[in-house]
Amino acid sequence: MDEYGHFVDWDKMDVSAQSQDTKELTCTDFHELKQLARQGYWAKNHSLRAKVYHKLISNIPCRTVTPDANVYRDIVAKIVGKRNSSSLPLPEFVDNSLIPTYCLNAEGIGAIRKIILCIANQFPDISFCPALPSVIALLLHYSKDEAECFEQVCRILACNDPSKRLIDQTFLAFESSCMTFGDLVNKYCQAAHKLMVAVSEDVLEVYSDWQRWLFGELPMAYIARVFDVFLVEGYKVLFRVALALLKFFHKVRAGQPMESDSIQQDIRAFVRDIAKSVSPERLLEKAFAIRLFSRKEIQLLQMANEKALQQKGITVKQKSCLLVFQQNVHLAVHAENFKSEIVSVKEMRDIWSWIPERFALCQPLLLFTTLEHGCSLSRFYSHSEGHEPTLLLIKTTAKEVCGAYLSTDWSERRRGGNKLSFFGTGECFVFRLQPEVERYEWVIIKHPELASTGSEAENHAPPASSTLSSSSVPSDPSDRLSPFLAARHFNLPSKTASMFMAGSSECIIVGGGDGQALYLDADLNHGRTSHCNTFNNQPLCSESFQISILEVWGFRD
């Protein structure tokens, strides 16, 4: 059909959707290019898309010595020899069971393995890259020959721009991205996450499939549209689309019985057959409608998760290592070692599914309980300080159970001197377990001066409507850092951290979410909640309550 169709089986390609109009792409402005990519400007012209891919990939900043087409022509015969391409063994860093063929003809399918082997020869530092076969297969549709496809993939792999992450090439990077995806699902797809927790014994195993949904299960027309935007905007696009897939899966399948014994298989089947329910345009529209999402946020989460994995010694893919990793994540709350007077093992595991993945690697450690240490706020602080994060659990005399995940060390309260000082990050949240399970988050205390002293906070708790507000969307999210991680972990200015916790010698305040806030008096016997009526949800617990038991839990490696 055109010079870029050598490897295409046109009977498989939806030619009816292709336009024969001659188009050119002349713009160089990033923002204009981004809009064109999202709108699918080059999606309906095969030749134009090939030329745009070539242009975009040629502009990727790469290592000084990056293998090109001539290198491929020199080494392919030596590496492949006279062997049948379909029988060529693949390197361990790709998943041999999943090599997408999309709309390739027989020659194109054979070329995938040849190119993978040549890349393995030129990139000995790649240790884990399951997305590679899909990327090669996709680019073969828009390449004149194997050598050109090889060069384009090499440029993607050799990108040396630290701000432009493209494809994971190590197990550490891949596994941390899976944890990061789990964090993002937990924050932005709570309904879907709740379903995953309910039907899966291993939530991270489900989320570890997220790249497979994109680079394996998505049909050709969909992954090509995703790739259009990916080449312009980078790695964050992949997270966005995967989140959108999960949102659509939950919307379409919620309330229906599972079609298989595995939620993983159900999601894979849904993505393979996504054309039955969602168009490529609708998928991208949903992906870019997700709010409070930035490249900086992803980078910080990725850094934190990589550090957590490194501390656990999990950097390469080994069966024994993976087993330990999965046990640490999903069986951290061991029944034989866990005892709480407030929550059961199952309830604690439910809470564990809400916390950031890097801390889900740890086990709970009881730091303080009023049954043993008494109702003293000073003892509460002395047992809690030095631990970050912590988990607060409260059982009321009315049998209500609520609590809070607190991301920051309580010692931070001293920065305000004798005044009630606010601190914390956007990872804080409050929750309710009894009478019903509910999780609340993303409330920023915008006017801490309204509770400037402990006595004022105790006697006149500020109204939720004036003190607590759901976080708003920045005018330009790419230039703003969401309050996702402790600012001091990354040498960021303190103004990038929101304020969710407050403590003095007279009271504790925790701003939770959806208009919820929790106030505890100094004697740890009495508490109050603040509930903003503008939100359609149930209050955290009674507006005023008596505390029966209070526990503080830390996180132990």
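Refer to the structure above for everything that follows.
Starting afresh in each chain, residues are numbered from 1 along the sequence in its written order. Since the coordinates come from a predicted model, pLDDT governs what is reported: local features require at least 70, and pairs of side-chain atoms require 80 or more to be given and counted, while whole-chain, interface and lining totals use all residues. Based on all heavy atoms of the structure, the side-chain values leave hydrogens and waters out of the count.

A. Looking closely at the pattern of salt bridges. For this analysis, a salt bridge means a side-chain nitrogen from Lys or Arg found within 4 Å of a carboxyl oxygen belonging to Asp or Glu. Scanning all chains against the criterion turns up 19 salt bridges. The salt bridge partner of Glu3 is Lys144, with a shortest N-O separation of 3.5 Å. Linking Glu3 in the segment before helix 1 (30-39) with Lys144 in the loop between helix 5 (132-140) and helix 6 (146-157), this pair joins segments that are 141 residues apart in sequence. Each residue gets one of three labels from its accessible area relative to the maximum for its type: buried under 20%, exposed over 50%, partly exposed in between, using a 1.4 Å probe on protein chains only. Judged by relative accessible area, which is 39%, Lys144 ranks as partly exposed. Across the salt bridge formed by Asp521 and Arg528, the nearest N and O atoms sit 3.3 Å from each other. Here Asp521 matches Arg528 in class, with each residue buried. Via salt bridges that share partners, Arg49, Arg225 and Asp228 belong to a single interconnected network. A run of DSSP states H or I qualifies as a helix once it reaches four residues; a run of E qualifies as a strand once it reaches two. Both are numbered from the N-terminal end.

B. A look at the environment of Tyr440. Within the secondary structure, Tyr440 is located in strand 6 (residues 438-441). The class of Tyr440 is buried, set by a relative accessible area of 0%. Spatially, the C-alpha atoms of Tyr440 and Phe429 are 5.9 Å apart, while their sequence positions differ by 11 residues.

C. Spotlight on the packing of aromatic side chains. Stacked, tilted and edge-to-face pairs are distinguished by plane angle, under 30 degrees for stacked and over 60 for edge-to-face with tilted covering the rest, among Phe, Tyr and Trp rings (Trp via its six-membered ring) whose centres lie within 6.5 Å. One pass over the full model with this rule turns up 27 aromatic pairs. Pairing Phe128 with Phe171 gives two aromatic rings, centres 5.4 Å apart and planes at 85 degrees, and the pair type is edge-to-face. With Phe128 in the loop between helix 4 (106-122) and helix 5 and Phe171 in helix 7 (residues 171-188), this residue pair connects regions lying 43 residues apart in the sequence. In this structure, Phe128 and Phe171 share a single accessibility class: buried. Put simply, the rings of Trp352, Trp354, Phe359, Tyr405, Phe429, Phe431 and Phe555 pair up and form one aromatic cluster. Counting as a charge over the ring demands two things of the Lys NZ or Arg CZ atom: a distance within 6 Å of the ring centre and an angle within 35 degrees of the ring normal. Residue placement shows Arg38 over the ring face of Phe288; its charged tip is 3.6 Å from the ring centre. The ring of Phe248 has Lys286 sitting right over it, with the charged end atom 5.8 Å from the ring centre.

D. Geometry of helix 7. If you check helix 7, its first and last C-alpha atoms are 25 Å apart, about what 18 residues at 1.5 Å a residue would give, namely 26 Å. The element helix 7 is extensively covered by neighbouring structure, given that 18 of its 18 residues are classed as buried. Expected helix span is computed as 1.5 Å times (number of residues minus one).

E. Structural context of the packing of helix 2 (residues 46-58) against helix 6. Taken N-terminus to C-terminus, the directions of helix 2 and helix 6 make an angle of 40 degrees; their axes are 9 Å apart at the nearest point. Viewed along their axes, helix 2 and helix 6 adopt a mutual orientation that is oblique. The element helix 2 and its partner helix 6 pack so that their crossing is left-handed. In contact with Tyr53, His54, Ile57 and Ser58 of helix 2, helix 6 contributes Glu148, Gln152, Arg155 and Ile156. Split into classes, the residues belonging to the contact of helix 2 with helix 6 amount to 3 nonpolar, 3 polar and 2 charged. For every element, the axis is a line fit to its C-alpha atoms; helices are fit only across the contacting stretch, and the angle between N-to-C directions ranges from 0 to 180 degrees. Angle categories are assigned with fixed cut-offs, so that under 35 degrees is roughly parallel, over 145 is roughly antiparallel, 65 to 115 is roughly perpendicular, and the rest are oblique. It is the rotation of the near helix from the far one that decides the hand of a crossing: anticlockwise by less than a right angle makes it left-handed, clockwise makes it right-handed. Residue contacts are counted whenever heavy atoms from the two residues lie within 4.5 Å of one another. Classification used: nonpolar for Ala, Val, Leu, Ile, Met, Phe, Trp, Tyr, Cys and Pro, charged for Asp, Glu, Lys and Arg, polar for all others including Gly.

Note that all results are geometric; they support no functional claim without further evidence.
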